[in-house]
Amino acid sequence: MQKIIVFFLVSLLFLPLLSSGYGISKEFKDSISIVLGKMPDNQDKADYLSRLCYDLRHADPQASRYYGQLSYGLCQKLEYKAGEANALVKIGNSYLQEDKYDSAIFYLTNAQEIYFQLHDTDGVGTTYTNLGNVYYNMGRFGEALNYHLSSLKISELNNDKDAMAYSYLNLGNLYDMMKMPERSLECYQITLALAKETRDIWMCGNAYGNIGIIYDDMGLKDTALQYYNLALQMKTEINDQVGIGIQLNNIGALYLETNRLEEAKEYFLKSKANKEARGDQSGLSTCYINLGLVEQDMGNLQAAEQYFLKSLNIAENIGSPDRISSAHQDLARNYGMMKKYQEAYLHFEQFFTIYDSLISEDNSQMVAEMQTKYESEKSEQEIVMLNQKNEINELEIKRQDEQVRMQQRQIIGFIAGLAVVCMLSLVLFRMYRQKRSMNIALEEQKKEILEKNEELQQQKEEIMAQRDEIEHAHDIIELKNRNITDSIVYAKRIQEAILPSEARLKAIFPEHFVFFKPKDIVSGDFYWVDEVETPQGEHVAVFSAIDCTGHGVPGAFMSIMANNLLEKAVKETGLISPAEILHSMSDGLHQRLRIRNDEKAVKDGMDIALCAFNKEQRILQYAGVHNPMYLLRNKEIIQYKPDTHPIGELVESDFSGYQNQQVQIEPGDTVFVFSDGFVDQMGGEKRKKYLSRRFRERLVQSADLNLEKMKEALMADFSKWRGDVEQYDDVLVFAVRF
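Here the structure is a predicted model, which means the values were calculated and not measured.

Caption draft 1: Seen up close, the nonpolar core. Core analysis: the largest hydrophobic core is formed by 69 residues, its most contacted members being V134, I251 and Y255. Beyond its immediate chain neighbours, meaning those up to four positions away, V134 contacts L96, Y101, A104, I105 and L108. V529, A545, V673 and F734 belong to the second largest nonpolar core, which has 56 residues in total.

Caption draft 2: Structural detail: the pattern of salt bridges. A full pass over the atoms with the stated rule returns 29 salt bridges. Of the charged contacts in the structure, one is a salt bridge between E531 and K615, with a shortest N-O distance of 2.7 Å. With E531 in strand β2 (residues 525–533) and K615 in the loop between β4 (606–614) and β5 (619–625), this residue pair connects regions lying 84 residues apart in the sequence. Residue class for E531 comes out partly exposed when judged on its relative accessible area of 24%. Linked through salt bridges whose partners overlap, the residues forming this network are R504, D530, E567 and K571.

Caption draft 3: Quick look at the packing of helix α22 (residues 552–572) against helix α23 (residues 578–593). Contact geometry for α22 and α23: axes closest at 9 Å, N-to-C directions at 130°. It follows that α22 is oblique to α23 by the angle criterion. As for the relative orientation of α22 and α23, their crossing is right-handed in sense. Packed against α22, whose contacting residues are M558, M561, A562, N564, L565, L566, A569 and V570, the element α23 presents I581, S584, M585, G588, L589, R592 and L593 at the interface.

Caption draft 4: Layout of the side chain of K45. Position of K45 among the secondary structure elements: in helix α3 (residues 43–55). Leaving out residues up to four positions away in the same chain, K45 has contacts with L36, M39, P40 and L74.

Caption draft 5: Structural view of unusual backbone geometry. One non-glycine residue with positive phi stands out, namely K179, at about 60°. The topology assignment puts K179 in the loop between α9 (161–177) and α10 (181–198). Assessed through its relative accessible area of 40%, K179 is described here as partly exposed. Positive phi, close to 55°, is recorded for R618, a residue that is not glycine. Here R618 is to be found in the loop between β4 and β5. Residue R618 is classed as partly exposed on the basis of its relative accessible area, which comes to 27%.

Caption draft 6: Quick peek at empty space enclosed by the protein. According to the stated counting rule, one finds one cavity of 30 Å³ or more in the structure shown. Put simply, the largest cavity is a space of about 40 Å³. For the largest cavity, the full set of lining residues is K492, Q495, E496, L499, F516, S523, D525 and F526. Taken together, the elements giving at least two residues each to the lining of the largest cavity come down to α20 (425–496) and β2. With three residues, α20 is the largest single contributor of residues to the lining of the largest cavity. Grouping the constituent residues of the lining of the largest cavity by class yields three nonpolar, two polar and three charged.

Caption draft 7: Examining the packing of aromatic side chains more closely. One pass over the structure, following the stated rule, counts 27 aromatic pairs. Pairing F106 with Y107 gives two aromatic rings, centres 5.2 Å apart and planes at 85°, and the pair type is edge-to-face. A relative accessible area of 16% means that Y107 is categorised as buried. Taking the centre distance of 6.4 Å and the plane angle of 45° together, the rings of Y166 and W202 count as tilted. Placement of Y166 in helix α9 and of W202 in helix α11 (residues 201–217) is noted, with a sequence separation of 36 residues between them. Since its relative accessible area comes to 29%, Y166 is described here as partly exposed. Relative accessible area serves as the criterion here: at 36%, W202 is assigned to the partly exposed category. Aromatic rings pair up to connect F515, Y630, F674, F678, Y690, F695, F718 and W721 into one cluster. The ring of Y54 has R57 lying over it, and the distance from NZ or CZ to the ring centre is 3.9 Å. Seen from the ring of Y267, K270 lies directly overhead, with NZ or CZ sitting 5.1 Å from the centre.

Thresholds, definitions, all that
Residues numbered from 1 in each chain as written. Predicted model: local features only at pLDDT ≥ 70, side-chain atom pairs only at ≥ 80, totals over all residues. Heavy atoms only, no water. Core = buried A, V, L, I, M, F, W, Y, C linked by side-chain atoms within 4.5 Å. Buried < 20%, exposed > 50% of the residue type's maximum accessible area, 1.4 Å probe, protein only. Contact = heavy atoms within 4.5 Å. Salt bridge = Lys/Arg side-chain N within 4 Å of Asp/Glu carboxyl O. Helix = DSSP H or I, 4+ residues; strand = E, 2+ residues; numbered from the N terminus. Axes fitted to C-alpha atoms, helices over the stretch in contact; angles between N-to-C directions. Parallel < 35°, antiparallel > 145°, perpendicular 65-115°, else oblique. Left-handed = near helix turned anticlockwise from the far one by under 90°. 1 Å grid on protein atoms, 1.4 Å probe; cavity = no way out; pocket = protein on both sides within 12 Å on 5 of 7 lines; lining within 4 Å. Points joined across faces, edges and corners; volume = space filled by probe spheres on them. Nonpolar A, V, L, I, M, F, W, Y, C, P; charged D, E, K, R; others polar. Phe/Tyr/Trp six-rings, centres within 6.5 Å; stacked < 30°, edge-to-face > 60°. Lys NZ or Arg CZ within 6 Å of the ring centre and 35° of its normal.

The structure is reproduced here in structure tokens:
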């Protein structure tokens with residue numbers, strides 16, 4: 001037995017080395033076979049095979065599943081149920097590493113059934129966690145959230161701090177994908193505290209990296225970089241190649257966003273080598289996207305094209321809709337920059353096809369859910385009333401039975417008296433006949449009551465069956481509603497893809513800020529920036545803040561249409577005059593929505609503030625519809641008023657056309673374009689609108705601050721003003737300092 005333990009320990013010492021490369025050598029397999037050959041067929045051998053399955057899942061997934069199946073077969077032979085479930089979990093994890101989600105779900109679900117039979121709460125929690133990870137990778141965030149919350153409940157009941165840390169880490173990932181950064185950061189911080197308490201270096205590294213992601217998304221780049229480096233240090237210390245690859249990619253993405261392109265490319269190439277060595281196809285697809293974006297920003301459009309095509313090919317092979325969408329979006333943009341408009345159109349068409357397939361239902365099911373709840377409560381009340389009636393009827397039957405028995409005793413007494421009092425025989429006989437008739441009547445009444453009781457019982461059973469059907473329908477509606485929410489959350493990610501990247505914004509405007517706070521998951525507001533070169537060799541930066549009709553899903557559809565109209569006017573038609581761009585957008589919107597000057601006209605449209613800045617001449621032109629432009633100069637706000645003729649309506653005789661307003665930009669000038677969501681927000685002590693006057697005063701008060709501090713002041717003022725009042729509309733403020 002001692003030799004077996006020695007072989008077991010020696011083989012485990014070599015297993016961590018497998019994560020550094022993809023595939024295992026024949027020599028290693030032979031050594032494992034020797035160890036297995038010297039072990040008897042017992043539970044220790046079954047557990048050892050399961051450990052092999054788990055440790056080889058990165059290095060050689062096929063060998064991993066081979067050992068997992070050996071473990072499962074041995075456990076069945078030994079009737080070792082806990083070992084069977086453990087082997088199934090390890091096999092499911094192996095399939096997850098290769099993005100084979102259906103197979104992973106199959107094995108994990110079978111493991112879960114065994115754990116339920118064994119009443120093993122730890123095992124059930126493990127399967128919840130793994131199933132949550134599978135659905136997370138599939139993009140089905142609602143189902144993933146349910147599994148991870150269930151796993152957290154079990155770990156809290158068992159006071160298992162390692163499992164609690166892992167659950168909070170997974171929940172933080174989900175909240176991040178669902179655009180809930182505050183809740184995500186809270187979960188990661190709890191994970192870090194638990195990992196430090198248990199001295200889990202691996203989990204500490206994960207928590208540091210994910211906290212860095214949240215700060216990165218908040219725009220706190222220096223803080224994010226500190227957390228990324230801490231995570232990389234932890235992962236390197238324990239030779240966690242998967243974690244090293246993730247942190248290399250995170251650091252590269254941060255350098256890309258801050259326009260440090262050479263450093264970004266260096267880290268992305270390191271991450272690519274890491275994922276190639278491990279055979280991580282999903283991660284490799286993301287690396288190719290990132291390398292393409294670096295090459296694109298460097299102006300190497302052909303190199304960028306090759307990277308994007310590689311990413312698309314991998315994404316299609318593994319069936320990842322998220323990465324397929326991203327690759328089509330980036331290819332379309334790249335082909336547009338290469339002036340290959342036909343290819344750009346085809347890829348944009350693929351991108352929108354994916355988008356349309358995700359948004360196909362609305363929230364009308366919520367009304368049905370409330371109606372179902374009402375009907376269910378009503379049926380339950382009817383059941384209670386029927387039960388009360390049954391109880392009353394039963395009491396009445398008992399009372400009448402008692403009355404019959406009492407009358408019968410009286411009759412017997414009268415009959416017995418016949419022998420003594422003959423004179424009263426006729427009278428007693430008459431009374432007997434009367435009582436007999438009364439008994440018959442009472443029996444008939446009893447029969448009727450019993451029949452009525454049976455009828456009421458049948459009605460009760462029918463109502464119970466209807467209630468069960470209603471509860472089943474309620475469960476179906478709840479599932480569909482959750483799927484709708486998941487689709488809208490994913491649609492937000494697609495909508496965000498049309499926004500300019502932070503690296504692109506910084507390249508065009510080194511000093512700028514964007515305060516963007518949608519009311520719902522998706523938004524009707526968006527901002528647009530691009531830079532074009534005129535035939536005279538001058539560079540003109542075009543930027544705009546657009547407020548489309550409505551918010552939520554309708555507003556989001558209008559925002560995509562508005563983005564396409566801007567892209568066409570500036571990039572395809574070559575317009576740089578704001579007034580001409582507005583005319584082009586108005587004509588395009590009119591053609592698409594067939595707007596007419598009558599009661600049946602489509603009333604959808606947009607408010608817009610559009611600017612074009614000539615960098616050589618330092619001249620800025622502005623034109624707008626309903627939305628003004630503010631110029632902050634020497635602590636004074638200069639307001640440029642917009643036109644009022646709506647975008648998309650037919651031109652009337654009294655409308656002379658959209659007008660450009662021109663200003664010579666001086667050093668230190670700050671220009672603001674914005675939607676009406678900020679100034680229309682209700683709040684304050686009297687629950688009134690914020691108003692434009694207060695907005696201008698706030699900008700003047702913040703004039704001496706840098707733009708990052710000015711943005712923080714605006715966000716704090718908006719939050720304080722709103723208080724506990726619901727956000728009224730989408731909020732967008734876009735500022736550029738020259």
